[in-house]
Amino acid sequence: MKTLRDVKIGETAKVKKLHGEGAVKRRIMDMGITKGVEVYVRKVAPLGDPVEVTVRGYELSIRKEDAAMVEVEE
């Protein structure tokens, strides 16, 4: 299983499935990361946290533990 955390800088990935429960999953969905949407990885902070992505035309920073809950297509 490949997650958003594994996507390299400059690559685009399509969201396949969201893992996680309740409020955490809801927050990820509220940020615009839903099944079928394409996510472009712009930057990763020096220690790997957070990850800056472009989704639905806007920039978003997401914690790597949240990025690990987003399964993407390989």
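Quick note: structure is the one above.
Undergrad: Lay out the overall build of the protein chain with the relevant residues and their values.
TA: In terms of helices and strands, the protein chain carries 2 helices and 6 strands. Starting at the N terminus and walking to the C terminus, you meet the elements of the protein chain as β-β-α-β-β-β-α-β. If you line up the protein chain on its principal axes, its C-alpha atoms span 30 × 25 × 20 Å. For the protein chain, with 74 residues in total, the buried portion stands at 36%. If you take every contact in the protein chain between residues at least 6 apart in sequence, the share linking residues at least 24 apart comes to 55%. Each charge class in the protein chain can be summarised by its mean position, and for the 15 positive and 13 negative side chains these summaries are 2 Å apart.

Undergrad: Residues and numbers for the environment of Gly32, please.
TA: By the element assignment, Gly32 lies in the loop between helix H1 (22-30) and strand E3 (38-44). C-alpha separation for the pair Gly32 and Leu60, spaced 28 residues apart in sequence, amounts to 9.4 Å. Once residues within four sequence positions are removed from consideration, Gly32 is found in contact with Val37, Val55, Arg56 and Tyr58.

Undergrad: Go over the sheet that holds E3 with me, naming the residues and quoting the values.
TA: A sheet is described by the order of its strands in space; here 6 strands give the open sequence E1-E6-E2-E3-E4-E5, paired in antiparallel fashion. Bordering the open sheet on either side are strand E1 (2-3) and strand E5 (58-62), each of which pairs with just one other strand. Looking at chain direction, strand E4 (residues 51-55) and E5 are connected through 5 bridges and run antiparallel. Looking at the pairing, Glu52 lines up with Ser61 of E5.

Undergrad: Can you break down the pairing of E4 residue by residue, with the values?
TA: Burial analysis of E4 places 5 of its 5 residues in the buried class, which makes it a mostly covered element. Judged by which residues are buried, E4 turns out to be covered on both faces: Val51, Val53 and Val55 on one side and Glu52 and Thr54 on the other are all buried. Where E3 and E4 come together, 5 bridges link them in antiparallel fashion. Paired with Lys43 across the bridge in E4 is Glu52. From the end of E3 to the start of E4, which pair antiparallel, there are 6 residues, and Gly48 there has a positive phi angle of about 90°.

Each value, and the rule that gives it
Residues numbered from 1 in each chain as written. Predicted model: local features only at pLDDT ≥ 70, side-chain atom pairs only at ≥ 80, totals over all residues. Heavy atoms only, no water. Helix = DSSP H or I, 4+ residues; strand = E, 2+ residues; numbered from the N terminus. Buried < 20%, exposed > 50% of the residue type's maximum accessible area, 1.4 Å probe, protein only. Contact = heavy atoms within 4.5 Å. Lys, Arg positive; Asp, Glu negative; His and termini not counted. Charge placed at Lys NZ, Arg CZ, Asp CG, Glu CD. Pairing = 2+ DSSP bridges.

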